[in-house]
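Analysis of the macromolecular model
So the chains spell out like this:
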Amino acid sequence: LKPCGSITGPACRCGLSRMSAGEVAFVTGLQTAGPGLSGSKPKPLQRRPVEAADTSSLARCSGAVVGGAFLACSKRRRHRAPRQAFGKFLGNMFPWLDEKKEDRQDTSSPSRGSSPPTRSSEEVMELKDLGSSAFDKALQVNLDNTIYGSFAEIGAGQEVSRTFLTAGAAAGTVARSLSAYDMQISDVTYGKAKRYVTQERLDQMLKTEYDTLEASIREEKGKETRFFAFATTLAAKAYMSNRECEGWVGMTFQHEAGAAPSSVQLHVRMCDETAQLQGEAIGRLGTNLIYLCNFAKDPVVITSFLLDAIEEGRLEVDFVQFDGPGFPEETVDYRLLAMKMVEFKVAPSVLLVYDEKSQLYIQAVPNNAFYKRPVVVQRSRFKPVTFAHQEVLQAAAKKLKSELSSDSREVMQILDFQIDDIVRPANLLGTEGRLRRTKAAVQADIDGDGLLSVDALANVFGAQLEADDAKQLAKDLDVNGIGKVTVDQVLGWTPQCVNNVEFLDRFRMLESLKLPVLVSGVGSDSELSSYLARYTTQPIVLAVGGGNYDIARGIFNENLYREYNGGMLEAFGKLFAGNVRIFQYPNIGADGAVSSEVEISGSKADLHRYLVGEKKIAAIEPGFVDSFALSQDSNESFRGQSEDVVSLMKEGSSEWEKYVPDEAAGIIKKSSWFQRYADGGASSQEVIYKVFEVLDKVGE
């Protein structure tokens, strides 16, 4: 491109006057050394808004500015498909240029419409804008000339569409942006709805927006264009209201040209104090979702990066749903997704319920599942699940049911699957570190087949560890015992990663019960109590006891409350706030003797008596205990707890099998991780953290 030569007047045909304010903002963020491209060196400046009136004056120096913009964009995105970016940017600035559509296609683009990466680690490597601002991600989507769609946002502003409209090159991406904020207008636009901040309403919005695109502009855009519809329906912070700030965010899109639409839907909880801040956070989340759906395809990758570049504590995404041909059933495991959501602090806890239709566990929205439901919950790491776990929970549910009125809803029994030990610490959570570790693992795969032999992996680890330690770490990753691991196994993307295998095995032990499972990163009883109290005003019961359980160690233990400034008293104030109680199941000794006696000494005994007197702690009476558990002749299977199983395995005794269901016993016998755990070796999480530590050093 050469300068147009026209400083003033209508002769200038560079097209800048036709640009949107957002596109002008992008172009004016670049400065060149001279009036033309020759010898110029683009220098990125801070993006700033430009008034519409500025466009005419900007056109006077169009040649230099446009050239600089092209050069800088090309330099910044040299790993991208430059022709695709040029084609779209040119199309926005020079609409009279008539490039053939086939000339604009570029199979090297990382978008879902082109040849997809074969492995998740490669997919992550292609997401070059991870860790960058929402504007950077929106710009990269805008520069992809294969995607075009609409934005419909209700509640918390229109921050997602604003991001795309001001990032630059928006004309080729944004078909329309609207907010049917008034309920009557919303009903006219999307149809009637009983409630407006619901998944049902989100479905209506997405379908209407997507169908409108297909019906109105498909012929003009051609079959090569991939349509999308993005929508939100949110209840943000309102004046003089303390309502729960939550809602729905979703996207319907074609994962490749000509495909039937796929969708991703999220339930979110907004934690900022003002509507303005909540809207800004949703703007980043929505931009992340569109960016990830356009350039990635692995549900685990998409889910784990949803809160990329969003400060911790601002948003919680406690429900995800993937549908359509872009996400084949074999790629979507909601159990694994729940684990990753907790691991990467996307949500503090994720609720899964058994779906009779699919006979699989799927995610559920806690707002809906817990609404006006009395709840009994049992906390455990389930290493492994035992007969005692099920009996304690059922007995507590029977006792609570006996106290409720006849018109109360059914008691909801929940297994609280504690995985707070796998929630990533700050040094392993950041995007920069994750990308560095990914790069190090991919580079170790010299032949590029996605496989690393245990010996090759030991050599990589040997740069930072002693030879024996490196060899053992590599062997621990080889969960299948075949002498090889995939790069994705090393990085934690696949179900065959060592810590993912352990989680899924422990979850499978629970599946035969078909009870709701709360996959929880919540570390204490008081935090769990507060979490549940968000969603129900009905009684909440924490069930404890059984076997050789010691309430003095499990509840009245000051070491558990060191993080509280007020110690045990502060924690108890939060634990027993509202309608929360503890039901204690009787102990069953090694000889089968059943006892409800509690041994607590010192001042803690006074506190225990007070809580019992206030009915905050109650014993589960024999009438609610299974008759088999009460009798010494038949209660042998109820005498052992998880730690007893581990102790017996260490001794080499097979007696542990009588304490666990057959399904759990079968899983344990096949699990190398459980044998390592029983032998006192490194836990699966310790193994993967050690791997990450080594890869961090290698990557540096």
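Model, not experiment: these values are computed from the prediction.

**Concerning the overall build of the protein**
Across its full length, the protein carries 30 helices and 20 strands. Sorting the 700 residues of the protein into buried and exposed places 55% on the buried side. For the protein, contacts bridging at least 24 residues in sequence account for 73% of all contacts bridging at least 6. Carbon and sulfur atoms form 50% of the exposed surface of the protein, whose accessible area is close to 30,900 Å².

**Here's the deal with helix 17 (residues 431-444)**
Spanning 14 residues, helix 17 covers 20 Å between terminal C-alpha atoms, matching the ideal 20 Å at 1.5 Å per step. Looking at helix 17, one finds that the buried residues are Thr431, Gly433, Arg434, Arg437, Thr438, Ala440, Ala441 and Ala444.

**Comments concerning the packing of aromatic side chains**
By the definition in use, this model includes 22 aromatic pairs. Taking 6.1 Å as the distance between ring centres and 75° as the angle between the ring planes, the aromatic pair formed by Phe253 and Phe327 counts as edge-to-face. With Phe253 in strand 6 (residues 246-253) and Phe327 in the loop between strand 8 (315-323) and helix 13 (334-343), the pair connects residues that are 74 residues apart, well separated along the chain. We classify Phe253 as buried; its relative accessible area is 2%. Taken together, the ring pairs in this structure connect Tyr354, Tyr361, Phe382, Phe417, Phe503 and Phe507 into an aromatic cluster. In this arrangement the basic side chain of Lys221 is found over the ring face of Tyr148, its NZ or CZ atom lying 3.9 Å from the centre.

**As for unusual backbone geometry**
Here Lys383 and Pro384 are connected by a cis peptide whose omega angle stands at 0°. Examined against the element boundaries, Pro384 turns out to sit in the loop between strand 11 (375-380) and helix 15 (387-403). A positive phi angle, close to 55°, is found at Lys372, a residue other than glycine. Relative to the helices and strands, Lys372 resides in the loop between helix 14 (366-369) and strand 11.

**Details of the nonpolar core**
By size, the foremost hydrophobic cluster in this structure holds 145 residues, and its most contacted members are Leu285, Phe461 and Leu477. Counting residues per element, this core draws most heavily on helix 11 (residues 275-295), which supplies nine residues. The next biggest cluster of nonpolar side chains, apart from the first, holds 35 residues, and it includes Tyr564, Ile600, Leu607 and Leu611.

**Remarks on the sheet that holds strand 3 (residues 147-154)**
Read across the sheet, six strands follow the order 4-3-5-6-7-8 without closing on themselves; strand pairing throughout is mixed. Of all strands in the sheet, those with a lone pairing partner are strand 4 (174-178) and strand 8, marking the two edges. Direction aside, the axes of adjacent strands within the sheet are offset by 10° on average. By the bridge criterion, eight bridges tie strand 7 (residues 262-270) to strand 8 in an arrangement that is antiparallel.

Reading the values: the criteria
- Residues numbered from 1 in each chain as written.
- Predicted model: local features only at pLDDT ≥ 70, side-chain atom pairs only at ≥ 80, totals over all residues.
- Heavy atoms only, no water.
- Helix = DSSP H or I, 4+ residues; strand = E, 2+ residues; numbered from the N terminus.
- Buried < 20%, exposed > 50% of the residue type's maximum accessible area, 1.4 Å probe, protein only.
- Contact = heavy atoms within 4.5 Å.
- Areas by Shrake-Rupley, 256 points an atom, 1.4 Å probe, with all protein chains shown as cover.
- Expected span 1.5 Å × (residues − 1).
- Phe/Tyr/Trp six-rings, centres within 6.5 Å; stacked < 30°, edge-to-face > 60°.
- Lys NZ or Arg CZ within 6 Å of the ring centre and 35° of its normal.
- Core = buried A, V, L, I, M, F, W, Y, C linked by side-chain atoms within 4.5 Å.
- Pairing = 2+ DSSP bridges.
- Axes fitted to C-alpha atoms, helices over the stretch in contact; angles between N-to-C directions.

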